[in-house]
Amino acid sequence: MRAVLMAGGSGTRLRPLTCDLPKPMVPILNRPIAEHIVNLLRRHGITEVIATLHYLPDVMRDYFQDGKDFGVQMTYAVEEDQPLGTAGCVKNIAELLDDTFIVISGDSVADFDLQAAIRFHKAKGSKATLVLTRVPNPIEFGVVITDDENRICRFLEKPSASEIFSDTVNTGTYILEPEVLDYLPDNQESDFSKDLFPLLLEKGEPMFGYISESYWCDVGHLEAYREAQYDALYRKVVVDYAYNQTEPDIWIGQNTFIDPSAKLTPPVIIGNNCRIGARVTIEPGTVIGDNVTIGNDADLKRPVIWNGAIIGDEAHLRACTISRGARVDRRAHVLEGAVVGALSTVGEEAQISPGVRVWPSKQIESGATLNINLIWGNTAQRNLFGQRGVAGLANIDITPEFAVKLGAAFGSTLKSGTTVTVSRDQRSISRMVSRSLIAGLMSVGVNVQNLEATAIPVTRAVLPTLNVAGGIHVRLHPDRSDQILIEFFDNKGIDIPKGKEKKIEGAYFKEDLRRALIHEIGSVAYPSRVIDIYTTAFEHHLDVEAIRNSKSKVVIDYAYAVSGAVLPQLLGKFGCDAVVLNASLKPTAPTAADREVLLGQLGQVVGALQANFGVQVSANGEQLVLVDEVGAPIRGEILTALMTHIILTARPRGTVVVPVHASGAIEQIARRHDGQVIRTKANPTALMEACHTNGNVVLGGSGDMGFIFPQLHPGFDAMFCIAKLIEMLTIQERSLGELWTDLPRICHRSQTVRCPWTVKGALMRHLVESHPAEQLELTDGVKILDPSTESWVLVLPDAGEPLVHIFSNSEDRDWVEEKLREYRAYVQDFIDKEQGIEEVGV
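Residues numbered from 1 in each chain as written. Predicted model: local features only at pLDDT ≥ 70, side-chain atom pairs only at ≥ 80, totals over all residues. Heavy atoms only, no water.

K.L.:
Before we move on, can you summarise the overall build of the protein with the specific residues and values?
P.N.:
Along the protein, the regular secondary structure elements total 21 helices and 55 strands. For the protein, the spread of C-alpha atoms along the principal axes amounts to about 95 × 65 × 50 Å. Taking all 842 residues of the protein together, 57% fall into the buried category. By sequence separation, contacts in the protein at least 24 residues apart represent 60% of the contacts at least 6 residues apart. A total accessible area of about 33,400 Å² is found for the protein, and carbon and sulfur atoms account for 47% of it. Taking the average location of the 81 positive side-chain charges in the protein and that of its 106 negative ones, the two points are 3 Å from each other. (Helix = DSSP H or I, 4+ residues; strand = E, 2+ residues; numbered from the N terminus. Buried < 20%, exposed > 50% of the residue type's maximum accessible area, 1.4 Å probe, protein only. Contact = heavy atoms within 4.5 Å. Areas by Shrake-Rupley, 256 points an atom, 1.4 Å probe, with all protein chains shown as cover. Lys, Arg positive; Asp, Glu negative; His and termini not counted. Charge placed at Lys NZ, Arg CZ, Asp CG, Glu CD.)

Here's what the structure looks like:
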C-alpha cells in the first residue's frame, strides 16, 4: 500500500519557526515531524511514500533523498506554480495511485494503529475512511458526526465557537479508494474537507469514520508545538527516540559533554555534540538539539532548543523555543511562550517577555526588554479577529504599531490604487488608532477617504455611495470600556465575511505586506456632505409629514459618550422637540452601572416633561434602550418583540430576522401579521448578511444588538430606529405603553454557566447524541424543541468567553423554570464530570 504524505504546508502560524523551513520539517525531539510520520508508516508496513511538496521543497528532498536511510522508498510531487489544495495535489498524482492508499498530514504527531484503520476500511466496504479522534477544544478542526455504524453523516470544517456540535474531529489522515479522485477536477485547487468529502456525502458514497483512541496532536500553532514536544518526552505518544537512553527518561546523544555539577531531572533529551557547563540546571521537559552549548549556571525550565544554539552563562529560559543557531547571551531571560528565530541574538541581560516572537537574524540589544514582536507586532496571538472585528486593550493590545501593520495587512489584500473609508468615534484613542491604520493603508498603495469622527450607522449608509472597496471603523468596544474595536466593512457596508478575515490574518502573520514605491503611496481625501448623504437617505425612508405633524417630544440620553450628535438636529428639522441629556464626552467611558443610574434619571425626566418616550443611545449610535411615557425601561426581548410588533403592523407579510435565542413571541407576532421569521446565528454579521440576502426583510436585529432597517443600510441604526418609532406611534395613534400591553405573554429566561473551552465541544456532542434528531435545531448551539408545544431550550456556547448560555422559552412559566433548572444541572454535571476525568488524567 502506498501513502501520500501531505508536506506542502508553510506553517504560517508557526512563524518565525517556519520562515526558512517547511512546517513538516520542524523538529520534535530533534527530528522533523515528517520523520516521525515516516517512522509511523514504516512501523505499519507502509514503505512506499509519495510526498507532495510546495513550500521550500528542497529542504525535505535534501533531508530524506530516496528514503533508503529511513527504511522507505520516497518519491516527490512538487506543486510548482500554485498550491492545489489538500485534494488537488493528490489528484495531480492519481496515475500513481491504482489501489487503496493512505493520505496522512505532514504537520501532526500521532501513533495511530494504521493497520487497524485499514482493516476497518475494508470491512466496511468504504470508499473513504477518515481517521477521527476526540479533542477537548474542537474549534480549530473539522468536526464530524457519525451514526451507530460509524458512517459519516455530517461534518463542518473549522466551526466558530457557537457552531460546535461534536468533539470528534478530522485528523487529516484518510484511507481512500482511487476512484474517489474521479470526482475532482484536473489541475484545480480543491480540498478534501471542503470539496471532496461533502460531494461524496451528497452522492451517497460509503464514507466512514474510524475513531482512534491513539495520540494525535495537530502542530498548528506555537503552543501546540511545545505541547507535542512535552507529550513525546513524557511518552504520551509512541515515537522513535534519536538517542540512547543513558538513565531512565534521559536520552543523550553521542560526543556530548555534561559537567558533573550539572543537575538533570528527567525527562530530558540532549542531542549529539553538546556542551553543558558547570552548575547548569535542566528541569523536566527540556529538549536540547544537536551541537548546542549551554554556559555555566544556566537555568533551563522546559525550553525547546534547536540545533546549533548557544546559551550563555546564567541565562534563564522558561518554556520558550530557541531556533537554529540562535544565541542567548549571559544573564538574558527568555520567558514563557517566547520564540527566538534562527540566527538571532539576545544580548546580555536582555529580556524577551512572554509570548513575544523574534524573527530570524535579529539583534536584541544588551539590557533591552522586548515586549513586542520584532519586527512589528504585538503579543503573539493565534487569531486577530474575534466574534466581531479586531478587539483588544486600548494602547496595550491595540497600539499604533499594531494598527499600522493591520492597516497594511488589510490593504495588501486589495489591489494597489484601491480606495477605502476610515471612520471612528470621537475619542482620542480612536483618533490615534485610525491615523495609524491610515498610515498602514497608504504604505501599501491604498487610498483613503477619511470620514473622521462619524457615527457607525452614518458610515455604513454613506460607504456604498463613495465607490470604495470597503471600510474600517474604530471605536470604543460597546461591551468593554477598556478595549478598542476595529471593524471592517465590504463595499456595501456589511461586516466582511470570515474568508476575508482569514486573508487579512494571513497577510498579518506571514508579514506578507506589499511595499509601495514613492509615487504609489496612497492618498487621503476628506469627503464632504457625508451627513447630507445620510440625512437624504434618512428622510427618504420616513414619512416625514407624519413625524412633522406628531409634535412629538423625545428625551435622548447620550450617556456622556458622544458630543455634537446628529439626531437632535434631524428631529428638530422635522418639527420634533428633542431634549438632549449628557451629550458631552467624558474622558472615561461610563460603566454598565453608570448607564443604569443615567437610565433611571432619564425615566424621571421623561415623566416630568410628559414626553412621548425617552431613549438611551449607545455603541456609537447602534444600540438603544427605550423608556416609555411613564419612565419604565424597555429593553432586551421585550424591545425585540415591541419593534417587531410595530413594524409588522405597518408592513404586514414582511420578514423579520432575529438571532436564534430571541423570544418565541416573535413567531406569534409574525403570525398575527402573516409575516415570516428568519433566525440566524447569534452574531451581528449573521444578522446583517441575512437581512441583505433575503427578500422582503422589514426589520432585523434584537434589543441587545440593535435594529437593522435594510432599506436604509445594512447595519444597526439607533438613530433611524428612534425616528421610525415616532412615525409609527403617530400613524398608529398608540403610546409605547399601550403597544407593550399588546405583546404575547411569553416567558423567556436565560442563565449562564462557566464552561472551560476544553469542555464545550464534548458538551455539545453529548447534547446532540442524547436527544432525538427530530427535536434538535443546530442553527447555533443546540436547541431542543418540545414536540407538543412551541417551547424550547437553547444551549449556546459563548463565542468569546469560557461560558455557556442556557435559554428557556415557553408560554408556561413553570415549564421555563423547570427546564432552566434541569439543563443548568445537566450542563454543570457534565462539566464537573469532564474536569474530573482531566484531573484523574493529570
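K.L.:
Describe the confidence of the model for the protein, with residues and values.
P.N.:
Across the protein, pLDDT averages 91, with 96% of residues at or above 70. pLDDT under 50 marks residues 376-382. Its contacts with residues more than four places away, or in other chains, come to 26 contacts. (pLDDT = per-residue confidence, 0-100.)

K.L.:
Outline the environment of Lys-586, supporting the account with residue identities and numerical values.
P.N.:
Within the element layout of this structure, Lys-586 appears in the loop between strand 43 (577-581) and helix 14 (592-609). Ignoring any residue separated from it by four or fewer positions in sequence, one finds Lys-586 in contact with Arg-427 and Tyr-560.

K.L.:
Provide a residue-level description of the packing of helix 7 (residues 400-412) against helix 10 (residues 498-509), including the pertinent values.
P.N.:
Following both chains from N to C, one finds helix 7 and helix 10 inclined at 120 degrees, their axes separated by 8 Å at the closest point. Here helix 7 is positioned oblique relative to helix 10, judged by the angle of their axes. Taken as a pair, helix 7 and helix 10 cross one another with a handedness that is right-handed. Here Phe-402, Lys-405, Leu-406, Ala-409 and Phe-410 of helix 7 come into contact with helix 10, specifically with Lys-500, Ile-504, Ala-507 and Tyr-508. (Axes fitted to C-alpha atoms, helices over the stretch in contact; angles between N-to-C directions. Parallel < 35°, antiparallel > 145°, perpendicular 65-115°, else oblique. Left-handed = near helix turned anticlockwise from the far one by under 90°.)

K.L.:
Got a sec to walk through the pairing of strand 42 (residues 553-557)? Specific residues and values, please.
P.N.:
With four of five residues buried, strand 42 is to be regarded as a mostly interior element. Summarising the sheet, strand 42 and strand 43 pair through five bridges and their orientation is parallel. By the bridge assignment for strand 43, Asp-557 is matched with Leu-581. As paired strands, strand 42 and strand 44 (residues 613-618) are joined by four bridges and run parallel to one another. Opposite Val-554, over in strand 44, you have Phe-613 as the bridge partner. (Pairing = 2+ DSSP bridges.)

K.L.:
Provide a residue-level description of the side chain of Gln-449, including the pertinent values.
P.N.:
Its place among the elements puts Gln-449 in strand 38 (residues 447-453). The contacts of Gln-449, once residues within four sequence positions are left out, are Thr-419, Val-420, Thr-421, Val-422, Val-468, Ala-525 and Pro-527.

K.L.:
Just give me the short version of the nonpolar core, but keep the residues and values in it.
P.N.:
Among the nonpolar cores identified, the biggest contains 64 residues, and Phe-538, Leu-626 and Ile-722 are the most heavily contacted of them. Considering every element that reaches this core, the biggest residue donor is helix 18 (residues 718-732), with ten residues. Ignoring sequence-local partners within four residues, the contact set of Leu-626 consists of Phe-613, Gly-614, Val-615, Ala-632, Pro-633, Ile-634, Leu-639, Leu-642, Leu-725 and Leu-736. The next biggest cluster of nonpolar side chains, apart from the first, holds 63 residues, and it includes Leu-29, Leu-41, Val-131 and Val-287. (Core = buried A, V, L, I, M, F, W, Y, C linked by side-chain atoms within 4.5 Å.)

K.L.:
Please give an account of the packing of aromatic side chains that cites residues and values.
P.N.:
With the rule as written, the count across this model stands at 19 aromatic pairs. Ring plane angle 80 degrees and centroid distance 4.9 Å describe the contact between Tyr-174 and Phe-197, whose orientation is recorded as edge-to-face. You can see Tyr-174 sitting in strand 11 (residues 168-176) and its partner Phe-197 sitting in helix 5 (residues 192-203), a full 23 residues away along the chain. Under the relative-accessibility criterion, Phe-197 is labelled buried at 1%. An aromatic cluster is defined as three or more aromatic residues linked by ring pairs; in this entry it consists of Tyr-534, Phe-538, Phe-574, Phe-709 and Phe-720. The ring of Tyr-230 is capped by Arg-302, whose NZ or CZ atom sits 4.2 Å from the centre of that ring. (Phe/Tyr/Trp six-rings, centres within 6.5 Å; stacked < 30°, edge-to-face > 60°. Lys NZ or Arg CZ within 6 Å of the ring centre and 35° of its normal.)

K.L.:
Describe in detail the pairing of strand 38, supporting the description with residues and values.
P.N.:
Judged by how many residues are buried, strand 38 sits mostly within the fold: five of seven residues are covered. Judged from the six bridges that link them, strand 37 (residues 419-424) and strand 38 form a sheet pairing that is parallel. Looking at the pairing, Arg-424 lines up with Ala-453 of strand 38. Once the chain exits strand 37 it traverses helix 8 (residues 428-443) before rejoining the sheet at strand 38, and the crossover so formed is right-handed. Strand direction decides the pairing type here: strand 38 and strand 41 (residues 524-525), joined by two bridges, are parallel. Note that in strand 41 the partner of Val-448 across the bridge is Val-524. (Right-handed = clockwise from strand over helix to strand, strands pointing away.)

K.L.:
I'd love a proper account of the environment of Phe-64, names of residues and values included.
P.N.:
The topology assignment puts Phe-64 in helix 2 (residues 57-64). Measuring from C-alpha to C-alpha, the distance between Phe-64 and Thr-418 comes to 46 Å, with 354 residues separating the pair along the chain. Every residue in contact with Phe-64, bar those within four places of it in the chain, is listed here: Met-25, Ala-34, Glu-35, Val-38, Phe-70, Met-74 and Tyr-76.

K.L.:
So, the pattern of salt bridges: which residues are in play, and what are the values?
P.N.:
Pairing of side chains with opposite charge becomes possible as their charged atoms draw close. Applying the stated rule across the entire model yields 42 salt bridges. Taking the shortest distance from any N to any O, the salt bridge between Arg-475 and Glu-487 comes out at 2.8 Å. Separated by twelve residues along the polypeptide, Arg-475 in strand 39 (residues 470-476) and Glu-487 in strand 40 (residues 483-489) bring together distant segments of the chain. For the pair Arg-475 and Glu-487, one class covers both residues: buried. Where Arg-529 meets Asp-532, a salt bridge forms, and the shortest distance between an N and an O atom there is 3.9 Å. By relative accessible area, which is 41% here, Asp-532 ends up partly exposed. Overlapping salt bridges, with partners in common, bring together Arg-388, Arg-460, Arg-475, Glu-487, Asp-495 and Glu-622 in one network. (Salt bridge = Lys/Arg side-chain N within 4 Å of Asp/Glu carboxyl O.)

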